[in-house]
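In case you want the letters, here they are:
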Amino acid sequence: MTDFESLYRSDPDPWSVGTAWYERRKRGVLMASLPHEGYGLALELGCGTGHATRLLAWRCETVCAVDVSLTAIAECERLLAGDGAANVHLAQLNLPHSWPRIANESANLVVVSELAYYFSNKNLQIFLSNCLQSLAIGGDWVMCHCKTEFHDTQQTTEQIHHAMENLAGIERIVTHDEACFRLDVWRKYEGIHG
Ligand SMILES: C[S@@+](CC[C@H](N)C(=O)[O-])C[C@H]1O[C@@H](n2cnc3c(N)ncnc32)[C@H](O)[C@@H]1O
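Conventions used here
Residues numbered from 1 in each chain as written. Predicted model: local features only at pLDDT ≥ 70, side-chain atom pairs only at ≥ 80, totals over all residues. Heavy atoms only, no water. Near = heavy atom within 4 Å. Polar contact = N/O pair within 3.5 Å; in protein donor to acceptor, adjacent residues only side chain to side chain. Areas by Shrake-Rupley, 256 points an atom, 1.4 Å probe, with all protein chains shown as cover. 1 Å grid on protein atoms, 1.4 Å probe; cavity = no way out; pocket = protein on both sides within 12 Å on 5 of 7 lines; lining within 4 Å. Sits in = over half its atoms within 2 Å of the grid points. Buried < 20%, exposed > 50% of the residue type's maximum accessible area, 1.4 Å probe, protein only. Helix = DSSP H or I, 4+ residues; strand = E, 2+ residues; numbered from the N terminus. Pairing = 2+ DSSP bridges. Salt bridge = Lys/Arg side-chain N within 4 Å of Asp/Glu carboxyl O. Disulfide = S-S within 2.5 Å.

Peer 1: I keep staring at the site of the ligand and nothing clicks. Help me out?
Peer 2: Taken together, 17 residues are adjacent to the ligand, and Tyr8, Gly46, Asp67, Leu95 and Ser113 come closest. Here valine 68 contributes a backbone N or O atom positioned 3.1 Å from a nitrogen atom of the ligand. Here the ligand has 590 Å² of accessible area as a free molecule, and 94% of this is covered by the chains. According to the grid-proximity analysis, the pocket containing the ligand is the largest pocket.

What follows is the structure in structure tokens.
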């Protein structure tokens, strides 16, 4: 299993998320794929150093962003402070067994970018079920993953996509599928209770 904290300590931006064209372009596609101009509460899982978090902060009333790495969270905090964003709650959590506490609220938007392939089969099922549970009726759920297979990933993007297809109560409303990455937006049906 990858030690993400050590990774961030040895390199503050291990995937060049802040600089690489792939990452910047993918974030642009992700933000442009969100059907609504604005959302209430967004849950960003595996937020890393916060490059997507700051964009979400402009589009959402509140963002709850979590990552397993404290170093990544500290960098995210620094980035957001530079923007003067006061609507983001950050937490260090090891998903999926720990889960963000969003009181009695449900999220209107769940964002999962380049995270789910790190989970075992069992943890992926728990993770997806927790995401579904946290999503409000009518809420949108973005899944975005690159197609390159790395030594430390446990799922392919195709396997994640198939696991999503098996979930009840959501429909796919956006798909962006290209050589480098796949992005889907799913919406929770009316009448389905998490
Ligand atoms: C490849 S980076 C993606 C960062 C960001 N979401 C993006 O798309 O640019 C994966 C992130 O997921 C975090 N992560 C990995 N496993 C995690 C877990 N079990 N719980 C919470 N965060 C995790 C890592 O620390 C890292 O910041």
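Peer 1: Got a minute to help me understand the pairing of strand E7 (residues 181-188) in this structure?
Peer 2: Looking along a regular strand, one sees the side chains alternate between the two faces of the sheet. With respect to burial, E7 is a largely interior element, 7 of its 8 residues being buried. Bridge count for strand E5 (residues 135-146) against E7 is 7 bridges, and the pairing is antiparallel. Residue methionine 143 lies in a different strand from E7, and its bridge partner there is aspartate 184. Here strand E6 (residues 170-177) folds back onto E7, and the loop between the two strands holds 3 residues.

Peer 1: Just checking my understanding: could you explain the pattern of salt bridges for this structure?
Peer 2: Oppositely charged side chains are able to pair whenever their charged atoms sit close together. What the rule picks out here adds up to 11 salt bridges. The residue arginine 9 makes a salt bridge to glutamate 5 at a minimum N-O spacing of 2.7 Å. With a gap of 4 residues between them, arginine 9 and glutamate 5 both fall in helix H1 (residues 4-10), about one helical turn apart. Linked through salt bridges whose partners overlap, the residues forming this network are Lys147, Asp177, Arg182 and Asp184.

Peer 1: Where do I start with the state of the cysteines in this structure?
Peer 2: The bond known as a disulfide is covalent and runs between the sulfur atoms of two cysteines. Taken as a whole, this structure holds 0 disulfides when the rule is applied. Cysteine cysteine 64 is unpaired, with the sulfur of cysteine 47 as its nearest cysteine sulfur at 9.1 Å. The class of cysteine 64 is buried, set by a relative accessible area of 9%. The thiol of cysteine 146 is unpaired, and the distance to the nearest cysteine sulfur, on cysteine 144, comes to 8.7 Å. For cysteine 146, a relative accessible area of 5% translates into the label buried.

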